[in-house]
Amino acid sequence: MLEKNYDPQTAESGIYEEWMQKGYFKPDESSQKEYFCIVIPPPNITGQLHMGHALDITLQDIITRQKRMQGFAALWLPGTDHASIATEVKITEKLAEEGLSKQDLGREKFLERAWQWKREYGGKITEQLKKLGGSLDWSRERFTMDEGLSRAVNEAFVKLYEKGLIYRGERTINWCPVCKTALSDAEVEHEEAQGSLWKIKYPLKDGQGWVTVATTRPETMLGDTAVAVHPDDERFTNMIGTTIILPLMNREIPLIADSCVDMEFGTGAVKITPAHDHNDFETSVRNNLPRVCVMNEDASMNDFAGIYSGMDRYEARKKIVTDLENLGLLVQIEKHNLSLGQCYRCNTVIEPIISKQWFVRMKPLAEPAIKVVQEGEVEFIPERFEKIYFNWMENIKDWCISRQLWWGHRIPAYYCEKCGHLTVSRETPKSCGECDSSCFKQDEDVLDTWFSSALWPFSTLGWPDETGDLKRFYPTNVLVTGYDIIFFWVARMIFSGIEHMKEVPFRKVLIHGIIRDAEGRKMSKSLGNGIDPLEVIERYGADALRLSLVMGNSPGNDMRFYWEKVESSRNFANKIWNASRFILMNSKDFDASEPHACEYSLADRGILSRFNRTVDEVTENMEKFDFGLAAQKLYDFIWSEFCDWYIELSKTKLYGEDIEGQRTATNVLRHVLAGVLKLLHPYMPFISCEIWKRMPWYDGDIMVSEWPIKDLKKLDESAEEGMKAVIDAIKSVRNIRLDMQVQPSVKSKLVLVADKEHHKLLEESKPYFKKLAFAKEVRIQEDRMGIAANSISAVTHYIQIFMPVEDLKDVKKETERLHEEKKELGKELERARTKLQNDSFLNKAPKFVVDEERAKEAKYIIMLDKVNARMNSLTKDEG
Ligand SMILES: [Zn+2]
Ligand SMILES: [Zn+2]
């Protein structure tokens, strides 16, 4: 028996442990089942789960639970990400609170701290995933820096290096002066900003004039090594090859021709600063120009900056502009909108700086990765996100993978201490290939955190070893993630899978939106509008949170978080609980065998048919990943058709004298309840499990029960239609009684008029009208013979309903009441009309106030019509 009230806290606390102990999260490998696999997007160990995770986890759990019930050997593989830069930033901040820097601690001690952090926070996240009900196979849990995955990283690096797809070279990279590391293009966030464009005169050496160049970062001019113009630009034809004196530095630089220069832009002449600009770097390669870096790691000016050495970049900018002005070389300052690149971790404006880094050569990897999506081997849901993917992949630049950080996978490159020779190797080399030295120094840098997560779908399954898991579960089936990491992660997994496994990592990518606050703003720390999923779970239960994250949401779209929505999900849980409680309390000791079809009542046939259709609709929408729609269909069926109607209708038999009738009703109630609990299980695993446990006539646990399949024999269109007509008729009787304010204790005669062909249906429905339409007597006839003209009537689909007015109300009193109501409405209408005829009101009042008044007028007219109609029907003679 169920307790009177459902308490999610009590119910949810023990079940998860039980599931784990019974080994339900592990895929059943003994049987001949088909394999199904999802790998979790590993949460960062930087802290707490947020609402976005909760959505991510809920979606994956829904898919996994359904597949498990559909008979797949389903694996959902858990794990966490070391999140190199994000974690390092947090630890550095914590150290700063103790007055310590990274350097004070040294690499080894710092890493100890980082592992300590991992133990503390990694565990917390795991607990949160459990609270949400995630059916993850914890025996297979992985961490991006565990031994196996670190081996996978080295393997991938060495393989790519040996194929010439990884190289070390000087390039301008995005540099964060605060995090003091290189960043990949994906790690730079761009923001529109108001800046300036400074136009500066560069004098020619021969004293015959000057060229004017424009820049948004004047401090970089100290590192200029050329000025470039387009070879076809006639304005400069005679100057190409001449020498220019770089102002402030008095360094000689050439004026060169390069067809990449845009003749239309500015003056047509551009300064070339190869050490501080990506495009200029390319120009320097084509033209063999020197590269002068004028900044330090913290973006202060270095010794190559002459008298500006030691200044911060912005301080130097100010001084340089003043100096140019004093020299008469500043032509103009223009306001200029620019897109400012910022570090995605600390928001500092990044500085393109030349530096020796490790890169992945992207073109050869991107090509096949584009093809597999074009050819549908990997499918994005919704499809529109393919555009983001293609756009990124088609314009991809080489991927800078080295980071000047400590927390992460150290690059497996070793330099000979004696001759400097570089060896890339899975383990520390024994001896140098150039000399015979055996002393090596490993590269100081670590890898971009996404380098390891790119391998996640196969490294977690055991790669580079050829494990059974890898054979069974790769390629995985679905990847579920947010649109914000399509290029950080999804794209990199796809090309890594193709490169290392010769096979795509997953067949489908389900993209979901982000969760915004009730006003539609992004949830963020700075706004303080984030909502902790654990707080929601504590107040309303994990089931309510899960359902509210899914309902009304369609794939790929952002959604808003409303407490009211969670509340109504909780109410839904209570509704199911109460319905189940009723069914269990009234379940007599019948065996579970199905009754003969001939024993089914109209309501039984109707609900069984509707149930089977719901099975179909829910399953179909889930296959399409439209969990919002699937949940909505299920919700509507359970709430209205099953709880509000069928359970009420079944009472006519449950409480009746006929034992066979009781048995049939009980069986249908149990059958449909069991079915909807199964359909609901992926969404609300806890409550469905809790109720199922109290249904002793079903074996085993709901989590491993079979997913319902539509029973074609139970589909009965005419029963559905008939029930719908009867329910509509009952509803209209109830509405009339509500309008007339009739007390439930007042019963009335009901005359149902319909064509002969419907009489059988209505005959069968008599008990329903008696029970739910407050009828003391039900008469069925073909015409209106004997019906008083002043009867209250309603018309539905194919049934006309009549109720003698005396049964419902005292006619005299009702007439008086209507007169009174008519008078009041008349006054209100008059008041509204006077206002609307008043010019000064119409001219002065705000539009919405006038609109409101118009709406009132319209409403009063309708109400008045209703009252008039009611009065007419009362005064009609009996006929
Ligand atoms: Zn930074
Ligand atoms: Zn050597």
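Everything below is about the structure printed above this text.
Here's what I pulled together on the structure shown here.

Rules behind the numbers
Residues numbered from 1 in each chain as written. Chains lettered and ligands numbered in written order. Predicted model: local features only at pLDDT ≥ 70, side-chain atom pairs only at ≥ 80, totals over all residues. Heavy atoms only, no water. Pairing = 2+ DSSP bridges. Helix = DSSP H or I, 4+ residues; strand = E, 2+ residues; numbered from the N terminus. Axes fitted to C-alpha atoms, helices over the stretch in contact; angles between N-to-C directions. Donors = N, O, S within 2.8 Å, 3.2 Å for Na, K, Ca; no water. Tetrahedral: all angles 85-135°; square planar, octahedral: opposite > 155°, others 65-115°. Buried < 20%, exposed > 50% of the residue type's maximum accessible area, 1.4 Å probe, protein only. Phe/Tyr/Trp six-rings, centres within 6.5 Å; stacked < 30°, edge-to-face > 60°. Lys NZ or Arg CZ within 6 Å of the ring centre and 35° of its normal. Patch = residues over 30% accessible without salt bridge, like charges linked within 9 Å, V, L, I, M, F, W, Y side chains within 5 Å. Areas by Shrake-Rupley, 256 points an atom, 1.4 Å probe, with all protein chains shown as cover. Salt bridge = Lys/Arg side-chain N within 4 Å of Asp/Glu carboxyl O. Lys, Arg positive; Asp, Glu negative; His and termini not counted. Charge placed at Lys NZ, Arg CZ, Asp CG, Glu CD. Parallel < 35°, antiparallel > 145°, perpendicular 65-115°, else oblique. Left-handed = near helix turned anticlockwise from the far one by under 90°. Contact = heavy atoms within 4.5 Å. Nonpolar A, V, L, I, M, F, W, Y, C, P; charged D, E, K, R; others polar. 1 Å grid on protein atoms, 1.4 Å probe; cavity = no way out; pocket = protein on both sides within 12 Å on 5 of 7 lines; lining within 4 Å. Points joined across faces, edges and corners; volume = space filled by probe spheres on them. Core = buried A, V, L, I, M, F, W, Y, C linked by side-chain atoms within 4.5 Å. Expected span 1.5 Å × (residues − 1). Polar contact = N/O pair within 3.5 Å; in protein donor to acceptor, adjacent residues only side chain to side chain. Arc of directions from axis to C-beta.

1. Section: the sheet that holds strand β11 (residues 251-257)
The strands making up a sheet associate through backbone hydrogen bonding, with each pair oriented either parallel or antiparallel.
And step 1. Pairing in this open sheet of four strands is mixed, and the strands run β10-β11-β9-β12 from one edge to the other. In this open sheet, the two strands that pair with only one neighbour each are β10 (243-246) and β12 (270-272). In this sheet, adjacent strand axes meet at a mean angle of 35 degrees when their direction is disregarded.
And step 2. Sheet analysis places strand β9 (residues 226-229) next to β12, joined by three bridges and oriented antiparallel. Counterpart to A226 in the pairing with β12 is I272.

2. Focus on the coordination of the zinc ion (ligand 1)
And step 1. At this site the zinc ion (ligand 1) is bound by C176 (SG), C179 (SG), C343 (SG) and C346 (SG), with donor distances of 2.2 to 2.3 Å.
And step 2. For the zinc ion (ligand 1), the four donor atoms in the first shell make angles of 100 to 114 degrees at the metal, a pattern classed as tetrahedral.
And step 3. The motif formed by the donor residues of the zinc ion (ligand 1), counted along the single chain, is C-x2-C-x163-C-x2-C. Here C176 is found in strand β5 (residues 166-176), whereas its partner C343 is found in strand β13 (residues 330-343), with 167 residues between them in sequence. Accessibility classification places C176 together with C343 in one group, the buried group.

3. Details of the coordination of the zinc ion (ligand 2)
And step 1. At 2.2 to 2.4 Å from the zinc ion (ligand 2) lie its protein donor atoms, namely C416 (SG), C419 (SG), C432 (SG) and C435 (SG).
And step 2. Classification of the site at the zinc ion (ligand 2) rests on its four donor atoms, whose angles at the metal span 102 to 117 degrees, yielding the label tetrahedral.
And step 3. We note that the donor set of the zinc ion (ligand 2) lies within a single chain, spaced as C-x2-C-x12-C-x2-C.
And step 4. Looking at C416, the relative accessible area reads 3%, which means it is buried.

4. Description of the packing of aromatic side chains
And step 1. This model, assessed by the stated rule, comprises 34 aromatic pairs.
And step 2. Relative to Y483, the ring of F385 lies with its centre 5.9 Å away and its plane at 10 degrees, an arrangement referred to as stacked. Here the residue F385 occupies a position in the loop between β15 (379-381) and α9 (386-394), and Y483 occupies one in the loop between β22 (476-482) and α13 (486-501), the gap between them amounting to 98 residues.
And step 3. Its relative accessible area of 6% is what places F385 among the buried residues.
And step 4. With relative accessibility at 25%, the residue Y483 sits in the partly exposed group.
And step 5. An angle of 40 degrees between the planes, with centres 6.0 Å apart, marks the rings of W399 and F451 as tilted. With W399 in strand β16 (residues 399-400) and F451 in helix α10 (residues 449-453), the pair connects residues that are 52 residues apart, well separated along the chain. Neither W399 nor F451 differs from the other in exposure class; each is buried.
And step 6. Through a chain of ring-to-ring contacts, three or more aromatic side chains come together here, namely F157, Y161, W358, W399, F451 and F495.
And step 7. Lying across the ring of W406, K102 places its NZ or CZ 4.8 Å from the centre.

5. Let's talk about a negative patch on the surface
And step 1. On the surface, E297, D298, D312 and E315 cluster together to form a negatively charged patch.
And step 2. For E315, the location among the structural elements is in helix α7 (residues 313-326).
And step 3. Judged by its relative accessible area of 45%, E315 falls in the partly exposed class.

6. Some remarks on the packing of helix α17 (residues 602-623) against helix α21 (residues 717-739)
And step 1. Look at α17 against α21: their axes get within 8 Å of each other, and the N-to-C directions meet at 110 degrees. Between α17 and α21, the interaxial angle falls into the category roughly perpendicular. The interaxial crossing formed by α17 with α21 has left-handed handedness. Facing α17, whose interface residues are L602, A603, R605, G606, S609, R610 and R613, α21 presents E717, A719, E720, M723 and V726.
And step 2. Looking at the contact of α17 with α21 residue by residue, the class counts come to five nonpolar, two polar and five charged.

7. Here's the deal with the pairing of strand β28 (residues 792-795)
And step 1. Covered by surrounding structure in β28 are I792 and A794 only, the residues S793 and V795 on the alternate face being uncovered.
And step 2. Of the strand pairs in this sheet, β28 and strand β29 (residues 800-803) are connected by four bridges, and their pairing is antiparallel. For I792, the partnering residue across the bridge sits in β29 and is M803.
And step 3. Connecting β28 to the antiparallel partner β29 that follows it, the hairpin turn spans four residues.

8. Topic: the packing of helix α15 (residues 542-550) against helix α20 (residues 685-693)
And step 1. The interhelical angle for the contact between α15 and α20, taken along N-to-C directions, is 130 degrees, at an axis separation of 7 Å. Accordingly, the angle class assigned to the pair α15 and α20 is oblique. Residues A542, D543 and R546 of α15 form the contact with α20, whose own contacting residues are P685, F686 and I687.
And step 2. Considered class by class, the residues forming the contact of α15 with α20 number four nonpolar, no polar and two charged.

9. Some details on empty space enclosed by the protein
And step 1. Applying the stated rule across the entire model yields three cavities of 30 Å³ or more.
And step 2. One number sums up the size of the largest cavity: a volume of about 130 Å³.
And step 3. Lining the largest cavity are 16 residues; nearest its centre among them are L59, H512, N553, S554 and P555.
And step 4. With three residues, strand β23 (residues 506-512) is the largest single contributor of residues to the lining of the largest cavity.
And step 5. Taken together, the residues of the lining of the largest cavity sort by class into nine nonpolar, seven polar and no charged.
And step 6. Considered as a void within the structure, the second largest cavity measures approximately 70 Å³ in volume.

10. A short note on the nonpolar core
And step 1. Ranked by size, the top nonpolar core spans 211 residues in total, and within it Y389, F451, I494, F627, F642, Y683 and F769 carry the most contacts.
And step 2. By residue number, the principal contributor to this core is helix α18 (residues 627-654), which donates 14 residues.
And step 3. Not counting the four nearest positions on each side in its chain, Y389 is found in contact with A369, I370, V373, F380, I486, A491 and I494.
And step 4. Judged by nonpolar contacts, the second largest core, of 41 residues, contains V211, I244, A305 and L324.

11. As for the sheet that holds β13
And step 1. Taken in spatial order, the three strands of this open sheet run β8-β7-β13, and their pairing is antiparallel. A single partner strand is all that each edge strand has here, and the edge strands are β8 (210-215) and β13. Taking the axes of each pair of neighbouring strands and ignoring which way they run, one obtains an average angle of 20 degrees across the sheet.
And step 2. Here six bridges tie strand β7 (residues 188-203) to β8, and the two strands are oriented antiparallel to one another.

12. Brief notes about the environment of L712
And step 1. Among the secondary structure elements, L712 is positioned in the loop between α20 and α21.
And step 2. Under the relative-accessibility criterion, L712 is labelled exposed at 62%.
And step 3. Sequence separation between L712 and N612 is 100 residues, and the spatial gap between their C-alpha atoms is 7.8 Å.

13. Some thoughts on the side chain of H681
And step 1. With respect to the helices and strands, the residue H681 is situated in the loop between α19 (659-680) and α20.
And step 2. If we skip the residues at most four places from it in the chain, H681 touches W19, R65, M69, S688, I702 and M703.

14. Quick notes on α21
And step 1. Taking 1.5 Å of rise per residue, 23 residues should cover 33 Å, and α21 covers 33 Å from first to last C-alpha, within 8% of that figure.
And step 2. With a side-chain oxygen lying 3.3 Å from the backbone nitrogen of S718, the N-terminal cap of α21 falls on D716.
And step 3. At the exit of α21 stands Q741, carrying a positive phi of roughly 55 degrees.

15. A word on α7
And step 1. In this model, α7 (14 residues) spans 20 Å end to end at C-alpha, consistent with the 20 Å of a helix rising 1.5 Å per residue.
And step 2. What α7 keeps buried is the set R313, A316, R317, I320, V321, D323 and L324. Seen along its axis, α7 keeps its buried residues to an arc of 165 degrees; they face one direction. Away from its buried face by more than 90 degrees, α7 exposes K318, E325 and N326.
And step 3. A positive backbone phi angle near 75 degrees is found at G328, which sits one or two residues after α7.

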